[in-house]
Amino acid sequence: MMAPDFLVHEAVDGVGVVVVEGLKTNQEITGWIMKEDETITIKILSDIPIGHKVALKDFAEGDTVIKYNTDIGKVVAPIKKGEHLHVHNVKTKRW
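Residues numbered from 1 in each chain as written. Predicted model: local features only at pLDDT ≥ 70, side-chain atom pairs only at ≥ 80, totals over all residues. Heavy atoms only, no water.

Novice: Account for the sheet that holds strand 6 (residues 64-67), naming residues and giving values.
Specialist: Across the sheet, three strands lie side by side as 6-7-9; this open sheet has antiparallel pairing. The open sheet terminates on both sides in strands that have one partner only, identified here as strand 6 and strand 9 (90-91). (Pairing = 2+ DSSP bridges. Helix = DSSP H or I, 4+ residues; strand = E, 2+ residues; numbered from the N terminus.)

Novice: Describe the pattern of salt bridges, listing the residues and the values that go with them.
Specialist: Going through the model one piece at a time under the given rule, you end up with three salt bridges. In this structure, Lys-35 engages Glu-10 in a salt bridge whose closest nitrogen and oxygen atoms are separated by 3.5 Å. Within this pair, whereas Lys-35 is found in the loop between strand 3 (28-33) and strand 4 (38-43), its partner Glu-10 is found in the loop between strand 1 (6-8) and strand 2 (15-18), the two being separated by 25 residues in sequence. On the basis of relative accessibility, which here comes to 61%, the residue Lys-35 falls in the exposed class. Looking at Glu-10, the relative accessible area reads 15%, which means it is buried. With a shortest N-O distance of 2.7 Å, Lys-93 and Asp-71 are connected by a salt bridge. With Lys-93 in the segment after strand 9 and Asp-71 in strand 7 (residues 70-75), this residue pair connects regions lying 22 residues apart in the sequence. Classification of Lys-93 by relative accessible area gives partly exposed; the value is 44%. (Salt bridge = Lys/Arg side-chain N within 4 Å of Asp/Glu carboxyl O. Buried < 20%, exposed > 50% of the residue type's maximum accessible area, 1.4 Å probe, protein only.)

Novice: Before we move on, could you go through the sheet that holds strand 3 and cite the residues and values that matter?
Specialist: One open sheet accounts for six strands, arranged 4-3-1-2-5-8; its pairing is mixed. Of all strands in the sheet, those with a lone pairing partner are strand 4 and strand 8 (84-85), marking the two edges. Bridge analysis of strand 1 against strand 2 gives two bridges, and the strand direction is antiparallel. Of the residues in strand 2, the one forming a bridge with Phe-6 is Val-18.

Put into structure tokens, the structure is as follows:
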């Protein structure tokens, strides 16, 4: 496999973390699911900066986002598979 565009810790995670610069809307990107040592490909629906998350499935408002097989927050606006997932559509449940 060539170097991945995003990383996923394990298959139960709903997001991947972008590890390259310059990902643009409608681009096909490849990710590596580390625990299972699998490769996946998705089409992104929005530009996503390096270090930010890409949704690997559709999320509805109120859904829980899982990363590292751990709850990292609540969806506050619907997110489609391939969209940028960040503070504009996910908030912590801590406060």
